[in-house]
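Fold and geometry: a report
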Amino acid sequence: MKSYQKLTAAQPAACRLEEEGAAPVPSGHGKLAPWWVGSGLLVAAVLLSTITVWVLRQVSGGWLGPTAPPKCLVVPESRRFDCYPERRVVVTQELCESRGCCFIQSPPLAEGKQGVPWCFYPPDFPSYTLESLNQTALGMVGLLVRREKAYYPRDIQKLRLDVEFETDTHLHIKITDAANPRYEVPLDVPRVMKRAENPIYSLNFSWDPFGVVLQRKATGTVLLNTTVAPLIFADQFLQISTSLPSRFLYGLGEHRDSLLHSLDWNTLTLWARDVSPTESFNLYGAHPFYLLMEEGGNAHGVFLLNSNAMEVALQPAPGLTWRTIGGVLDFYIFLGPDPSMVIQQYQQVIGFPAMPPMWALGFHLCRWGYGSSNGTWQTVRAMRNYQIPQDGQWNDIDYMDGYRDFTLDSQKFSSLPSLVEDLHKHGQHYVMILDPGISSTSPNGSYWPFDEGLRRGLFLNTSQGQPLIGQVWPGFTAFADFSNPDTHQWWLENLQHFHALVPFDGLWIDMNEPSNFMDGSEHGCPPGELDNPPYTPAVLGDSLSAKTVCASAKQKVSVHYNLHNLYGLMEAKATASALIQLRGKRPFLISRSTFPSQGRYSGHWLGDNRSQWKDMRYSIPGLLSFSLFGIPLVGADICGFSGSTSEELCTRWMQLGAFYPFSRNHNTQNEKAQDPTAFSPAARTAMKDVLLTRYSLLPFLYTLFHRAHLQGDTVARPLFFEFPQDKATWELDRQFLWGQSLLVTPVLEPGVDSVTGYVPQGTWYDFYTGSSVNSSGEMLKMSAPLEHLNLHIREGSILPTQKPGTTTEATRGNPLRLIVALSSHATAWGDLFWDDGESLDTFEKGNYSYVVFNVTQNIFTSTVLHASTEATKVTVGTLSIFGVQKPPSKVLLNGQEKPFSYLDNQVLNVSDLGMSLSQGFSLQWL
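Residues numbered from 1 in each chain as written. Predicted model: local features only at pLDDT ≥ 70, side-chain atom pairs only at ≥ 80, totals over all residues. Heavy atoms only, no water.

1. Quick word on the overall build of the protein
Across its full length, the protein carries 17 helices and 50 strands. Relative to the globule expectation of 29 Å for 926 residues, the C-alpha radius of gyration of the protein, 29 Å, shows essentially globular dimensions. Projected onto the principal axes, the alpha-carbon positions of the protein cover approximately 85 × 75 × 60 Å. When burial is assessed residue by residue, the protein has 62% of its 926 residues classed as buried. Taken as two groups, the 69 positive and 86 negative side-chain charges of the protein have centres that lie 2 Å from each other. (Helix = DSSP H or I, 4+ residues; strand = E, 2+ residues; numbered from the N terminus. Rg over C-alpha atoms; globule rule 2.2 N^0.38 Å. Buried < 20%, exposed > 50% of the residue type's maximum accessible area, 1.4 Å probe, protein only. Lys, Arg positive; Asp, Glu negative; His and termini not counted. Charge placed at Lys NZ, Arg CZ, Asp CG, Glu CD.)

Put into structure tokens, the structure is as follows:
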């Protein structure tokens, strides 16, 4: 009997990667004996107990129905891997057993809830056998053979297994057709030239049935064990399952959910879809990556490089099943060992995020429904009048003529070029929306984007080779094929034509799932297995073409069936390239649809949310998930996009949104205005104050983005990234950190003047006053009147801040204030990255300054490790040191005495330093 229930670290017949020399040959059945004896005893014990339970349930009139075979009763409920995952099917015993699976009925659950599968794999369900395994320069290559066909069409009988030990902390396992090439994601991943020498993992294989068992050497924790259920690899159905070492799993986007996913029979679908963020729906992007916390505080991550429609089924075993309907099984596993290192290792594969221009980190304002360029301008002037910080003014689709890309409404938006000129004069920037659907109904010769795209053959085609016509905002539309390099050139030319009229600074690419108001096209979709595959994952609308284009649509690189989830990424790549060629500066763009490596080209906003408290709460797990996905420039529409906000909700949301890495207030048409100038003086002042706080922190935030660009650090991060040993942090998603050291605790409920937040162990300092809070690692109640956002600085850190202006340009010239938060050992550390804020590749070209700040033994030092002319324009004005235990008698700056102030809450302030950032200095207190 072949057993799939081996969830422990018991050693199967295997090869260990540590073994030197030639790969072992498949061992004979004799070598399997010790493992099978152990398994046999385990099975016998479970069988006896299960039969007893079963008899009792029969007596009490349970749900079991007809007696199931003993081999089925042996499988505990939590470890039943679904053999009949099709939705909208009532699974009967007959249907189930036609697949060779076990059928045990369970009590029905509430509508829409999933529970224990009724149809599940028996322990002896046929799978692949590992026939051979040979060493390669980088790892191993093996042959997998399936003797009995599975139940999906075009089963692939022989598979190739490639294992590469790429680094000591990550490995690459790929399973594909041994005989025929298959579609693979056209993503540039780094090629490794040398095998890892001292991996922190050990890899074993079960030969028959084939399975992978991956362990962390230091702890023996089994990270993957794919012997728990059979491997299925058919042309349009690929499935592999694994046990998990804990229930603490994150990632797998894009979904509206808590940060920590439930493993209670929870299926997450990945298929880009235009729909307002709603729980349990597949949303705009696809990120087949998860992070898992192991008992003890280690972490690992798994990335499946596959762009087809897929679902990930989570179950309480704990276990996980990947199901995808195309491509190959191409896994990267990252072993950290801490969560931050897992995310860094993931980004070493998919690419580090781009460095944004500094103005992208200012506050942005937008709405659909300004009505005119003059209406837009009025809002800009009102913001200036109240001296509320703003860097970006945006327009939605109402600036266009008939909602057509690259056009301007000459009546209502005739003054837009003048508005953009005015923005530039005031150090501000302009961003506009673009959609990928190109209007197809204008008279021939009157709309260049469509005429020229058609002439060059740059649109998605139907399976018959004609442009696929759907419907979006302008009416009937064709869809640009961004998988075609020629489309990138056409896109650039269109942008050049429009930029000559309206010199925009950034772009907002929307509707790029791609969204379609029809299902498929104006003629529907053809019959066939691309639009109607043998298995359709649990997508919203139950069809791959629901509110998008036909899966059978032809693109340059492949069919849309394979490329759908890549559409937003490919458009972002074309758009970033065009912006660089247009402006010669760092591109700024925000995209709705995303895929792994998106951070190299764009940021993301969390889509068309609603003006509700719930939506504000969900934005935090949203932005933290995108931090895991390597897209740090992320935020939600502040105050909500649809529906009408309230003054209280908008005030609280502006406080939270001031700490989104990408901070934009956006509103739909026909709703009352929700920009800061629309509210009462008290609310307006609270919003202005929190934006000034954001602007004061721009040097710190900019440095965090530099670290993200350089090495894949997260910007906004969950608390457990900094405190992985503290299990109380593992489920927190109502607070977050900026970097290692700034704790944000927003109010997320109406009608309160306090907030309860978790404060990890150690000393934390109130950002505004410097007063200290000593925590043992506990929930603390904090005062939070409507005008106040709780911010705390972690001991041992130094935050570079700046006197805020109303734009990033104005702020950049102001003096710095360095905030030192002393640790219990009276030490602290911080750093600052500084450049001109917009030029391309400043770090790579050496055109930057990098300064490190350090405190030890009552001496603060500023050390310039790399200097550029930009740093000479900035001075360090003030040093504020939190946690100075007793009043100093004197303070020396580079040996010269300086006046100072010392407050009762142990804060030492030294002002008027006047030190150039480009010069190192020291300050001592005695």
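Additional details are given in the paragraphs that follow.
2. What about unusual backbone geometry?
In this structure, the amide linkage connecting Gly253 to the following residue, Glu254, adopts the cis form with an omega of 10°. By the element assignment, Glu254 lies in the loop between strand E12 (248-253) and strand E13 (266-270). A cis amide bond links Ala317 with the next residue in sequence, Pro318, at an omega value of 0°. With respect to the helices, strands and loops of the structure, Pro318 is situated in the loop between strand E16 (310-315) and strand E17 (319-324). Despite not being glycine, Gln906 shows a phi value in the positive range, around 70°. With respect to the secondary-structure elements, Gln906 resides in the loop between strand E47 (901-902) and strand E48 (907-910). Backbone geometry at Asp912 places phi at a positive 50°, although glycine is not the residue there. Among the structural elements, Asp912 can be located in the loop between E48 and strand E49 (915-916).

3. Concerning the nonpolar core
Among the nonpolar cores identified, the biggest contains 232 residues, and Trp322, Phe659 and Phe860 are the most heavily contacted of them. For this core, the element with the most residues is helix H10 (residues 567-583), which contributes eight residues. Residues in contact with Phe659, not counting those within four places in the same chain, are Val690, Thr693, Arg694, Leu697, Phe736, Trp738, Leu742, Val744, Leu789 and Leu791. By size, the runner-up hydrophobic cluster in this structure holds 26 residues, among which are Cys83, Val91, Cys119 and Tyr151. (Core = buried A, V, L, I, M, F, W, Y, C linked by side-chain atoms within 4.5 Å. Contact = heavy atoms within 4.5 Å.)

4. Focus: a nonpolar patch on the surface
On the surface, Tyr403, Trp473 and Phe517 cluster together into a nonpolar patch covering about 250 Å² of accessible area. Given the relative accessible area of 35%, Phe517 is considered partly exposed. (Patch = residues over 30% accessible without salt bridge, like charges linked within 9 Å, V, L, I, M, F, W, Y side chains within 5 Å. Areas by Shrake-Rupley, 256 points an atom, 1.4 Å probe, with all protein chains shown as cover. Salt bridge = Lys/Arg side-chain N within 4 Å of Asp/Glu carboxyl O.)

5. A word on the sheet that holds strand E8 (residues 211-216)
Spatially, E7-E8-E9 is the arrangement adopted by the three strands of the open sheet, whose pairing is antiparallel. Taken across any chain shown, the strands that pair with only one partner, and hence form the sheet edges, are strand E7 (201-206) and strand E9 (222-225). Across this sheet, the average inter-strand angle for adjacent strands is 15°, counted without regard to direction. The pairing of E8 with E9 spans three bridges and is antiparallel. (Pairing = 2+ DSSP bridges. Axes fitted to C-alpha atoms, helices over the stretch in contact; angles between N-to-C directions.)

6. Some words on the pairing of strand E18 (residues 329-334)
Counting buried positions along E18 gives six out of six residues, so the element sits mostly inside the fold. Going residue by residue along E18, you find Leu329, Phe331 and Ile333 tucked away on one face and Asp330, Tyr332 and Phe334 tucked away on the opposite face as well. Alignment of strand E6 (residues 170-177) against E18, held across six bridges, turns out to be antiparallel. Looking at E18, one finds that Ile175 is bridged to Leu329. Pairing analysis gives four bridges linking strand E15 (residues 299-304) to E18, with the strands arranged antiparallel. In the strand pairing of E18, Leu304 is matched with Phe331.

7. As for the confidence of the model for the protein
Scored by pLDDT, the protein has a mean of 93; 93% of the residues are at 70 or more. A low-confidence stretch, residues 1-64 (pLDDT under 50), is modelled with 115 contacts involving residues beyond four sequence positions or located in other chains. (pLDDT = per-residue confidence, 0-100.)

8. Observations concerning the state of the cysteines
A full pass over the atoms with the stated rule returns five disulfides. The disulfide partner of Cys72 is Cys102, and the S-S distance across this bridge is 2.0 Å. Torsion about the S-S bond of the Cys72 and Cys102 cystine: about -75°, corresponding to left-handed handedness. Within this pair, whereas Cys72 is found in helix H2 (residues 70-73), its partner Cys102 is found in strand E1 (residues 102-103), the two being separated by 30 residues in sequence. By relative accessible area, which is 2% here, Cys72 ends up buried. Between the sulfur atoms of Cys96 and its disulfide mate Cys119 the distance is 2.2 Å. Measuring the twist about the S-S bond at about 90°, one finds the Cys96-Cys119 disulfide to be right-handed. Highlighted residues: Cys96 in helix H3 (residues 93-97) and Cys119 in strand E2 (residues 119-120), separated in sequence by 23 residues. Residue classification places Cys119 among the buried residues on the basis of a relative accessible area of 2%. Counting its disulfide-bonded cysteines in sequence order, the protein shows a connectivity of 1-5, 2-4, 3-6, 7-8, 9-10. The thiol sulfur of Cys366 is not disulfide-bonded, and the nearest other cysteine sulfur, from Cys639, lies at 13 Å. Judged by relative accessible area, Cys366 falls into the buried class, the value being 2%. (Disulfide = S-S within 2.5 Å.)

9. A look at the packing of aromatic side chains
Applying the stated criterion across every chain, the model contains 45 aromatic pairs. Consider the rings of Phe303 and Tyr332, whose centres lie 6.1 Å apart with planes at 25°: the pair is stacked. You can see Phe303 sitting in strand E15 and its partner Tyr332 sitting in strand E18, a full 29 residues away along the chain. Members of the aromatic cluster, joined through ring pairs, are Phe406, Phe450, Phe459, Phe482, Trp490, Trp491 and Tyr567. The side chain of Arg664 reaches across the aromatic face of Trp394, ending 4.7 Å from its centre. (Phe/Tyr/Trp six-rings, centres within 6.5 Å; stacked < 30°, edge-to-face > 60°. Lys NZ or Arg CZ within 6 Å of the ring centre and 35° of its normal.)

10. What to know about the pairing of strand E21 (residues 429-434)
Counting buried positions over the six residues of E21 gives six, a clear majority of the element. Both faces of E21 are covered, namely the face carrying His429, Val431 and Ile433 and the face carrying Tyr430, Met432 and Leu434. As defined by bridge partners, strand E20 (residues 392-395) adjoins E21 across four bridges and the pair is classed as parallel. By the bridge assignment for E21, Trp394 is matched with Val431.

11. Side note on the environment of Gly211
For Gly211, the position within the fold is in strand E8. With relative accessibility at 0%, the residue Gly211 sits in the buried group. It is 47 Å that separates the C-alpha atoms of Gly211 and Ile580, two residues lying 369 residues apart in sequence. If we skip the residues at most four places from it in the chain, Gly211 touches Asn204, Phe205, Ser206, Thr226 and Thr227.

12. Structural notes on the packing of helix H11 (residues 613-628) against helix H12 (residues 647-657)
Between H11 and H12, the shortest axis-to-axis distance is 10 Å and the interhelical angle comes to 10°. The angle between H11 and H12 places the two elements in the roughly parallel class. The residues of H12 that touch H11, namely those facing Trp613, Asp615, Met616, Ser619 and Ile620, are Glu648, Leu649, Arg652, Trp653 and Leu656. Here the residues of the contact of H11 with H12 sort into six nonpolar, one polar and three charged. (Parallel < 35°, antiparallel > 145°, perpendicular 65-115°, else oblique. Nonpolar A, V, L, I, M, F, W, Y, C, P; charged D, E, K, R; others polar.)

13. Observations concerning helix H7 (residues 448-456)
Along H7, the residues that are buried comprise Pro449, Phe450, Asp451, Glu452 and Gly453. Looking at the buried side of H7, the elements it contacts are strand E22 (437-439), strand E24 (475-479) and helix H8 (485-501). Looking one or two residues beyond H7, the residue adopting positive phi is Gly457, at roughly 70°.

14. A closer look at the packing of helix H13 (residues 681-696) against helix H14 (residues 698-711)
Between H13 and H14, the shortest axis-to-axis distance is 5 Å and the interhelical angle comes to 55°. As summarised for this structure, H13 and H14 are arranged oblique, according to the angle between their axes. On H14, the residues that touch Arg694, Tyr695 and Ser696 of H13 are Leu698, Pro699 and Leu701. Taken together, the residues of the contact of H13 with H14 break down into four nonpolar, one polar and one charged.

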